[in-house]
Amino acid sequence: MGYNETRNIQRRTRARKEQVKTMKYGFGADVGGTTVKLGLFSHMGDLIEHWEIPTRTIKNGEHILPDIAEALDDCLERRGISKEDVIGIGIGVPGPVSDEGVVNRCVNLGWGVFNLHEALSSLTGLPVKAGNDANVAALGEYWKGGGAGCRSMVLATLGTGIGGGIIIDGKILSGAHGVGGEIGHIVLNKNETEQCGCGKYGCAEQYASATGVVRVTKRFLDRCDDPSSLRTVSPLTCRDVFLHAAQGDKIANEALEYVYDCLGEFLADVCCVCDPELIVIGGGVSKAGQVLLDGIQRYFPHYMFHACKDTKFALAQLGNDAGIYGSFRLVMDHLA
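Owing to the predicted nature of the structure, the values given are computational and were not obtained by experimental measurement.

Rules and cut-offs
The residue numbers shown here count from 1 along each chain, following its written sequence. Side-chain atom pairs in this predicted model are given and counted only at pLDDT of 80 or more, local residue features only at pLDDT of at least 70, and totals for whole chains, interfaces and linings cover all residues. Only heavy atoms go into the side-chain values, all of them from the structure, while hydrogens and water stay out. Cavities and pockets are found on a 1 Å grid laid over the protein atoms alone: a cavity is a set of points where a 1.4 Å probe fits but cannot escape, a pocket is an open set with protein on both sides within 12 Å along at least five of seven lines, and a lining residue has an atom within 4 Å of such a point. Grid points are joined across faces, edges and corners, and a volume is the space filled by probe spheres set on the points. Secondary structure elements follow DSSP: runs of H or I of four or more residues count as helices, runs of E of two or more count as strands, with numbering from the N terminus. Polar here means any residue outside two lists: the nonpolar Ala, Val, Leu, Ile, Met, Phe, Trp, Tyr, Cys and Pro, and the charged Asp, Glu, Lys and Arg; Gly therefore counts as polar. DSSP calls a pair of strands paired once it identifies at least 2 bridges connecting them. An axis is simply a line fitted to the C-alpha atoms; with a helix, the fit covers only the stretch in contact. Between two such axes, the angle follows the N-to-C directions and lies from 0 to 180 degrees. By definition, residues are in contact when any of their heavy atoms lie within 4.5 Å.

Colleague: Lay out the layout of surface pockets in plain terms, naming residues and giving numbers.
Modeller: Estimated volume of the second largest pocket: approximately 250 Å³. Lining the second largest pocket are 17 residues, and of these D99, I172, S174, L330 and H334 lie nearest its centre. Elements supplying a minimum of two residues to the lining of the second largest pocket: strand 7 (128–132), helix 5 (133–144), strand 10 (171–172) and helix 11 (322–334). Top contributing element to the lining of the second largest pocket by residue count: strand 7, with four residues. A breakdown of the residues in the lining of the second largest pocket according to their chemical character gives five nonpolar, eight polar and four charged.

Here you go:
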């Protein structure tokens, strides 16, 4: 090995050691009703490790934050990272959260009203920034997923219900009461007689969520005697509807066309409010893939305001990791 090559190796080794010395870290947490997803990130936004712990909702969720604090402490100890090198914790929770960190009831967790920033910071000794779970998932997709590279974006998550998050110029639109982005409760049908889980009638999620797809399909099956392969499927799922539609089932396709129509109208209404560059579709229904986007885009032009004609559509890319990415981005934006 020559002299110059040896010197170059020595310089690269010193540079790596200096990088390790200056490396900072942070955590992203995504609190769900069953599990808490956790991620350790470098200060540059690289995901180093991710794992899950159970969400213990007993006793009104009093164990959730201590469990998170213990899991993060264990991670730091295992990796030999000092808390002095941690810039903070970002956390997404299933409920309204103010900019000051005040949670206004998370029913699925058993939480009432309290300041999450203060509560988790007191347990960890680290700065905390909290947000609504759907909003931070949108931020994650905007940063590292389907929305990477755009300036403004809406995430519509089509799952059990419809969640949403709105990003304008890189910032979450959370609203005055922490409920910005609750797009699933835009009313599409004022004559609906079945009540939505939110207490209203005719919300978008009653027709275009995974459970909405099943509800719509059952209505199509009940109102006629036409043959359908779906009549033998029990329990009927959203996946079944898409599968049988692909196989040519007439009622399955009619039901999905109705759903696509609802989605086209619903997302056009959203665009009139915030005029996003891109709409990213996530959640379990998005697993249908391009056929879902094609269906939405058949109807969107019928309802859109003309100036929104260039709005693009894409599928979410981060899956279950969107929340931890978005939560850590909160840290980078507000605490670093």
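Colleague: Pulling in residues and values, what's your account of the sheet that holds strand 2 (residues 35–42)?
Modeller: Overall, mixed pairing links the five strands, which are arranged 3-2-1-4-7 in an open sheet. Because the sheet does not close on itself, it has two edges, and the strands there are strand 3 (47–54) and strand 7. Here the strands of the sheet are splayed against their neighbours by 15 degrees on average, with no regard to which way each runs. Relative to strand 7, strand 4 (residues 86–93) is paired through five bridges, and the arrangement is parallel. Bridging from a neighbouring strand, G90 pairs with K129 of strand 7. Of the strands in this sheet, strand 4 and strand 7 are in contact with helix 4 (residues 116–124), which crosses strand 7 at around 140 degrees. Along the sheet, helix 5 makes contact with strand 1 (25–31), strand 4 and strand 7, crossing strand 7 at roughly 100 degrees.

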